[in-house]
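Residue-level listing of the chains:
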Amino acid sequence: MKFTHSFAALAIAMLAAGAAQAQTVLKIGYATTKESHYGVGSTVFCDEVEKGTQGRYKCQHFPSSALGGEREQIEAVQLGTQDLVNTSTGPVGNFVPEVKIVDIPFLFRDYDHARKVMDGPIGQDILAKFPSKGIIALGWTENGFRHMTNSKRDIVKPSDAAGLKMRTMENKVHMDGYKTFGILPTPMAFPELFGALQQGTVDGQENPIPVILSSKFSQVQKHLSLTGHVYSPALLLLSPKTWNKLSDADKKVFTAAAKKGGEAQRKKVNEDEANGIAQLEKDGMKVVRKVDGNAFREALKPAYVSYAKEFGADNIRKIQDVR
């Protein structure tokens, strides 16, 4: 009897050890809090992966830049030391140059236009460029339309922004555009931004409403102008090291989960856009709702000449023509 009990205990222990070995914990990182749009999209993705693989894969979240800035995290995913990153496209063009075209200011009319481009042939063709650069792009998520904040004054037209030291992403396409507004672009990794605004190292920054909200920039910025100057898509990137270990069935689970995560992230962006501006006003920010968009577009014309040379006028037109 004692032997039977011992054998049963051993069998249970071996099964438990097997189950423990069978579960893989994936590290996923993003720049903002777990409650933000990035956190919401990442959580839905991870829940779907866990459900679809019967618990063989689950995630450990590293929000609020716990694993470094976006560029560092993309490098870690490429190297295989981090499994996943949910990142804005800002630094991605340094790894996959074809992505840079979507960062052109005033390229997209509205969310409907932007999402149709990302989900259609143009967006899917861009995703297909990633594996040759040592990264797997599981799908598009979203950051939102970017708006300007600063500690000095209201921005209604480009001349109001002239001379402001504005933190930008490490992104030449953005910086070339902002220079035409007279802005002094100051590239800086996101984790350093709040402190730089607090200390006055930079006068302002530009980000979508969900980021301004979740990062509590209202504590260090007085003025918000709804410029909507750039649509900022985002991406769920996976390490090839992790991807290559997946069965074909699991690859389908991961890809479907990324789609659901992207949808949830967009939904959260919609909610933050709808409710966040009033919240930021309540938090003490002065909001300029009516910005002279035509003056900004006019100021951008010199930059568009260089964008056409870099990306091809036809390629830019194809995006603008999506209906």
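Residues numbered from 1 in each chain as written. Predicted model: local features only at pLDDT ≥ 70, side-chain atom pairs only at ≥ 80, totals over all residues. Heavy atoms only, no water.

Peer 1: Give a description of the pairing of strand 1 (residues 24-29) that names residues and reports values.
Peer 2: Successive residues of a regular strand alternate their side chains across the two faces of the sheet. As paired strands, strand 1 and strand 2 (residues 57-62) are joined by six bridges and run parallel to one another. Considered in strand 2, the bridge of Val25 is made with Lys58. Viewed along the sheet, the connection from strand 1 through helix 2 (residues 37-52) into strand 2 turns out right-handed. Where strand 1 and strand 3 (residues 84-88) come together, two bridges link them in parallel fashion. The residue bridging Ile28 from the neighbouring strand is Leu84, located in strand 3. (Pairing = 2+ DSSP bridges. Helix = DSSP H or I, 4+ residues; strand = E, 2+ residues; numbered from the N terminus. Right-handed = clockwise from strand over helix to strand, strands pointing away.)

Peer 1: Lay out the pattern of salt bridges in plain terms, naming residues and giving numbers.
Peer 2: All chains considered together, the criterion is met by 18 salt bridges. A salt bridge links Lys152 to Asp203; the shortest N-O distance between them is 3.9 Å. Residue Lys152 is located in the loop between strand 4 (136-150) and helix 6 (158-161), and its partner Asp203 is located in the loop between helix 8 (193-199) and strand 7 (204-208); the two are separated by 51 residues in the primary sequence. Taking the shortest distance from any N to any O, the salt bridge between Asp272 and Lys268 comes out at 3.2 Å. Separated by four residues within a single helix, Asp272 and Lys268 lie in helix 11 (residues 248-282), roughly one turn from each other. Take Asp272: its relative accessible area is 9%, and that puts it in the buried class. Taken together, the shared-partner salt bridges in this structure form one network comprising Glu48, Lys51 and Lys260. (Salt bridge = Lys/Arg side-chain N within 4 Å of Asp/Glu carboxyl O. Buried < 20%, exposed > 50% of the residue type's maximum accessible area, 1.4 Å probe, protein only.)

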